[in-house]
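# Observations on the three-dimensional arrangement
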Amino acid sequence: MIPDKTPVDQDVYHAAPEVVNGAYVPNFQKYKDLYLQSIQNPEEFWGKIAKEYYWKCPRTGRFLDYNFDHTKGKIYIKWMEGATTNICYNVLDRNVNEKKQGDKIAFYWEGNEPGDCMQITYKGLLQQVCKFANVLRTLGVKKGDRISIYMPMIIELVVAMLACARIGAIHSIVFAGFSAESLCERILDSRCSMLITADGFYRGDKFINLKQIADEALRKCRERNFPLGKCIVVKHLGDTEETCTNKTSTNTQSPPAKRSCHNLQTLWNADVDIWWHELMKKASDKCEPEWCDSEDPLFILYTSGSTGKPKGVQHTVGGYLLYTATTFKYVFDYKPNDVYWCTADIGWITGHSYFTYGPLANGATSVMFEGVPIYPDASRLWEIVDKYKVTTFYTSPTAVRLLMKYGEEPVKKFSRESLKILGTVGEPINPEAWHWYYNVVGNRKCPIMDTFWQTETGGHMLTPLPAAIPLKPGSATFPFFGVVPAVLNECGKELEGEAEGYLVFKKPWPSIMRTIYGNHQRFETTYFKRFPGYFVTGDGCKRDKDGYYWITGRIDDMLNVSGHLLSSAEVESALIEHAAIAEAAAVSHPHPIKGECLYCFVTLRDGHEFTETLVAELKDKVRDKIGPIATPDYIQNAPGMPKTRSGKIMRRILRQIARNERDLGDTSTLADGTVIEELFSNRSKTI
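Okay, so let's go over this structure. Quick caveat: nothing in here was measured; it's all calculated off a predicted structure. Residue indices follow the written sequence of each chain, beginning from 1 at its first position. Per-residue local features are limited, in this predicted model, to residues with pLDDT of at least 70; the limit for side-chain atom pairs, both in listing and counting, is 80 or more; totals at the level of whole chains, interfaces and linings are taken over all residues. Processing note: side-chain calculations cover all non-hydrogen atoms of the structure and skip hydrogens and water entirely.

Helix and strand counts for the chain come out as 21 helices and 30 strands. Between buried and exposed lies partly exposed: a residue is buried under 20% and exposed over 50% of the maximum accessible area for its type, with that area taken using a 1.4 Å probe on protein chains only. Looking at the chain as a whole, 62% of its 687 residues qualify as buried. Residue pairs in contact within the chain that sit at least 24 positions apart in sequence constitute 73% of those at least 6 positions apart. Here, Shrake-Rupley sampling with a 1.4 Å probe gives the accessible areas, and only protein chains in the shown set may cover a residue. Summed over all atoms, the accessible surface of the chain reaches about 25,800 Å², with 48% contributed by carbon and sulfur. Working convention for charge: Lys and Arg count positive, Asp and Glu count negative, and His plus the chain ends are omitted. Every charge is mapped to an atom, namely NZ of Lys, CZ of Arg, CG of Asp or CD of Glu. Measuring between centres, the 82 positive side-chain charges of the chain sit 4 Å from its 82 negative side-chain charges. Starting at the N terminus, helices and strands are each numbered in turn, a helix being any DSSP run of H or I of at least four residues and a strand any DSSP run of E of at least two. Residue contacts follow a heavy-atom distance rule, with two residues in contact if any of their heavy atoms lie within 4.5 Å.

If you want it as structure tokens, here you go:
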């Protein structure tokens, strides 16, 4: 439960008066009152919030109905079942028509190159979304169809996802850094009827031929007897300056962006490919929304699974709207004149919840950034902060650690006086990075919202509130409204007070995932079977004497690299596809920038040698199979693996060997102890 008093430890940071003044939740007692109301009477709490949004029809079922215990039947969660609405209507039409803020800037777009920029108002965004929604309908897309989107951080990506939501289609966005194989796998799993992509883009000084990767993915789909319908292509870079200017001017009411143009020869299949801009020329900017049940699916987003097969996490319309809108408002204490910047790519859940749906539901003005933090130099982010007078900045600990490497000078080139709130997401932030972020970037005046949540949760679960909760560097602090965490031991017993164990949640919250697309049994097994009656996060945590929660990392076979979950099984599967590899194991290893990186052990087949050439081939194999983010940093020759007598690889021991830590814990179940010394001695030969 929530403690009665806030801590008085030395390393605790309290909000400055300017943060407290006007805050929605100005003190700890107010937070506690709202929290208790949210868990004791969720219908009243969430029902009041629901009245802020438009519902075509009221609910017909119970406000909340659920079963978390798989031993008592099928797992299900239902919020406001029977109520009908449309999330696109709520984030656009409601702001334009009811709130009369059609002329308010929805997004400032900042391209990869400095000076490459544009802006779009809520009215302009609504028009573009309606036009593209009509395009989709003309092409035969209907409610419930799955649409795959594989695009860089450009305005058309937001338009595409909201157009899907407007007509009740289910968007499945794939991060533009994933490989053709990863894209193909996700298209096949969700049986998408269409792909939306772009010709290409730059990530820093590196050109990414996105259309070429998409073509390869579609070729792989055809080989597996799944010929996709149409592929809509945005001419983002294009062939000529004229093409770029024309394309950009169609979706902004301000001067055209100076998007980087590239002499790009786009391969074209006239039977499948269609240019976005040609379709948009003929489309009407008026489109009646499809009214959806609160429990209708909104999107599928894939996250790695411990079996190696990605999981299609499915979120629904009504509950997701309520929770992302509410968490955004309170966690960032958003006010109408604020300018918000979330640096996450829309291809991840943060980009869905806290770049698109949550901010737009609150009528926010956001910055959209296509580039990378250190291009063309390490001051790029702070230049943009000053340019748009950003008040709220939300990024990853990996980005903070990367920028730390360049020192304070690039930060202090710019004033950053507009900043009021800072945030982190994706992984726990280490105290050293927290202090640098607080002292250097925030000038010791901006509280840091260290948010813990997952693709599966849809929104923030453990998080501070800027004015109400004193901060402990590295702690996600307390649960958000409606969230009931618990700490369990190995036997599933709840631990009280100061404790360490498995982090679980006891009750549903509105944005909890409803299923794994096409595999509800896997949903039940993954999240509810181990501890019946609880949602299992897969993370460990400790709760300190003051009731603060600290995330201690994954407790399953998952790896958190730069805030992105990777499956050890998925990486191992890619390595074993190489003809030289008989067996492979992937574990995490500390990394000064990424937080964790991949350290892989490989056992060679007879007749093969461990060489730099082989290691390069293995890294390429993983990169091609999954994407650059999964590329191993270290690969070690392992003539034998530490295994139990039943043959299971003991990754716990491999993690210690990777770290050169001799404390291996209990090795009584190890089948052959002689492999340990050989693995330690081979560390010096790691490539």
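The structure having been displayed, the exposition proceeds.
The subject of this paragraph is the pattern of salt bridges. If the charged atoms of two oppositely charged side chains come close together, the side chains can form a pair. For salt bridges, the criterion is a side-chain nitrogen of Lys or Arg within 4 Å of an Asp or Glu carboxyl oxygen. Counted under the stated rule, the structure contains 38 salt bridges. Of the charged contacts, one joins Glu295 and Arg514 as a salt bridge, the two residues approaching to 2.8 Å between their closest N and O atoms. Of the two residues, Glu295 sits in the loop between strand 13 (292-293) and strand 14 (297-303) while Arg514 sits in the loop between strand 22 (499-505) and strand 23 (515-516), which places them 219 residues apart along the sequence. Three or more residues joined by partner-sharing salt bridges are found here, namely Glu181, Glu216, Arg219, Lys220, Glu223, Arg224, Glu577, Lys621 and Lys625.

Let's shift gears to the sheet that holds strand 21 (residues 485-488). Pairing between two strands requires that DSSP report at least two bridges joining them. Strands sit in the order 21-22-24-25 across an open sheet of four strands; the sheet is antiparallel. Edge positions in the sheet fall to strand 21 and strand 25 (549-554), since each has one partner strand and no second. Taken over all neighbouring pairs, the strand axes of this sheet differ in orientation by 45° on average, direction set aside. Across five bridges, the pairing between strand 24 (residues 535-543) and strand 25 is antiparallel. Its bridge partner being in strand 25, Cys541 is matched across the sheet by Ile551. The axes used here are C-alpha line fits, helices contributing only the stretch in contact, and every angle between their N-to-C directions lies in the interval 0 to 180 degrees.

To form a nonpolar core, buried Ala, Val, Leu, Ile, Met, Phe, Trp, Tyr and Cys residues must be joined to one another through side-chain atoms within 4.5 Å. Ranked by size, the top nonpolar core spans 209 residues in total, and within it Tyr31, Leu125, Phe132, Ile149, Leu162, Leu465 and Phe481 carry the most contacts. Of the residues forming this core, the biggest block, 11 residues, is contributed by helix 6 (residues 155-167). If sequence neighbours within four positions are ignored, Phe481 has contacts with Val25, Tyr31, Leu34, Tyr35, Ser38, Phe45, Trp46, Tyr323, Tyr330 and Leu465. Residues Val587, Met650, Leu654 and Leu679 belong to the second largest nonpolar core, which totals 18 residues.

Further remarks concern helix 2 (residues 28-40). Helix length check: helix 2 (13 residues) gives 18 Å between terminal C-alpha atoms against 18 Å at 1.5 Å per residue, within 8%. Among the residues of helix 2, Phe28, Tyr31, Lys32, Leu34, Tyr35, Ser38 and Ile39 are the ones counted as buried. The elements touched by buried residues of helix 2 are helix 3 (42-50) and strand 21. Side-chain atoms alone can form a polar contact between residues adjacent in sequence; in general such a contact is a pair of N or O atoms within 3.5 Å, and within protein one must be able to donate a hydrogen while the other accepts it. The backbone nitrogen of Gln29 lies 3.3 Å from a side-chain oxygen of the residue at the head of helix 2, namely Asn27. The span you would expect from a helix comes to 1.5 Å times its residue count less one.

Turning to the pairing of strand 6 (residues 146-150), a few remarks are in order. Within strand 6, five of the five residues are buried, which leaves the element mostly enclosed by the surrounding structure. By the alternation rule, side chains of strand 6 split into Arg146, Ser148 and Tyr150 and Ile147 and Ile149, which are all buried. Pairing between strand 6 and strand 7 (residues 170-173): four bridges, direction parallel. Bridge pairing links Arg146 to Ile170 in strand 7. What joins strand 6 to strand 7 is helix 6, and the crossover it makes is right-handed. Looking down the strands as they point away from the viewer, one classifies a crossover as right-handed if the path from the first strand across the helix to the second runs clockwise.

Next up on the list: the packing of aromatic side chains. By convention, a stacked pair of Phe, Tyr or Trp rings (six-membered ring in the case of Trp) has centres within 6.5 Å and planes under 30 degrees apart, an edge-to-face pair has planes over 60 apart, and any other such pair is tilted. A full pass over the atoms with the stated rule returns 53 aromatic pairs. Summarising the aromatic geometry, the rings of Phe175 and Phe178 are spaced 5.9 Å apart at their centres and angled 85° between planes, so their arrangement reads as edge-to-face. As far as the burial class goes, Phe175 and Phe178 line up, both buried. Aromatic pair Tyr527 and Phe535: ring centres 5.3 Å apart, planes at 5°, arrangement stacked. Exposure class is identical for Tyr527 and Phe535. Each is buried. Charge-over-ring placement is defined geometrically: NZ (Lys) or CZ (Arg) within 6 Å of the ring centre, and within 35 degrees of the ring normal. If you follow Lys78 out to its NZ or CZ, it ends over the ring of Tyr76, 5.4 Å from the centre. One cation-aromatic arrangement involves Lys329 over Tyr24; the distance from NZ or CZ to the ring centre is 4.9 Å.

What follows deals with the environment of Ala671. Within the secondary structure layout, Ala671 lies in the loop between helix 20 (651-658) and helix 21 (674-682). Residue classification places Ala671 among the partly exposed residues on the basis of a relative accessible area of 48%. C-alpha separation for the pair Ala671 and Thr644, spaced 27 residues apart in sequence, amounts to 5.1 Å.

This brings us to the side chain of Asp145. Relative to the assigned elements, Asp145 resides in the loop between helix 5 (122-138) and strand 6. Asp145 gets classed as buried once you look at its relative accessible area, which sits at 14%. At 2.9 Å, the side chain of Asp145 forms a polar contact with the backbone nitrogen of Lys142. Other than its neighbours up to four places away in sequence, Asp145 contacts Gly140, Ala169, Ile170 and Ser193.

The next point concerns the sheet that holds strand 28 (residues 581-591). With mixed pairing, three strands are arranged side by side in an open sheet as 28-29-30. Among the strands making up the open sheet, the edge pair consists of strand 28 and strand 30 (634-637). Each strand axis lies, on average, 25° off the axis of its neighbour in the sheet, ignoring direction. Summarising the sheet, strand 29 (residues 595-604) and strand 30 pair through four bridges and their orientation is parallel. If you follow Tyr599 over to strand 30, its bridge partner there is Tyr634.

The next thing to look at is the environment of Ile626. Mapped onto the fold, Ile626 is located in the loop between helix 19 (612-625) and strand 30. Taking the C-alpha atoms as reference points, Ile626 and Ile512, 114 residues apart in sequence, are found 27 Å from one another.

Defined by distance alone, a disulfide is two cysteine sulfur atoms within 2.5 Å. All told, the structure shown has zero disulfides when counted by the stated rule. With no disulfide of its own, Cys221 lies 3.8 Å from the sulfur of Cys184, the closest cysteine sulfur. On the basis of relative accessible area, Cys221 is assigned to the buried category, the value being 0%. Cys597 takes part in no disulfide bond, and the closest cysteine sulfur, belonging to Cys600, lies 9.2 Å away.

Further remarks concern helix 8 (residues 210-223). Over its 14 residues, helix 8 extends 20 Å from the first C-alpha to the last, a length consistent with the 20 Å expected when each residue adds 1.5 Å. Among the residues of helix 8, those classed as buried are Leu210, Lys211, Ala214, Ala217, Leu218, Lys220 and Cys221. In the segment just after helix 8, Asn225 is the residue with positive phi, at about 60°.

The alternating pattern of strand 26 (residues 558-561) places Met558 and Asn560 and Leu559 and Val561 on opposite faces, both of which are buried. Two successive antiparallel strands, strand 26 and strand 27 (residues 564-567), enclose a turn made up of two residues, where Ser562 displays a positive phi of approximately 55°.

Turning next to unusual backbone geometry. That bond from Tyr375 to Pro376 is cis: its omega, 0°, falls within 30 degrees of zero. Here Pro376 shows up in the loop between strand 17 (365-369) and helix 13 (380-388). The phi angle at Lys389 is positive, at roughly 55°, despite the residue not being glycine. Relative to the assigned elements, Lys389 resides in the loop between helix 13 and strand 18 (392-395). Take Lys389: its relative accessible area is 52%, and that puts it in the exposed class. Phi at Thr477 is positive, roughly 65°, even though this residue is not glycine.

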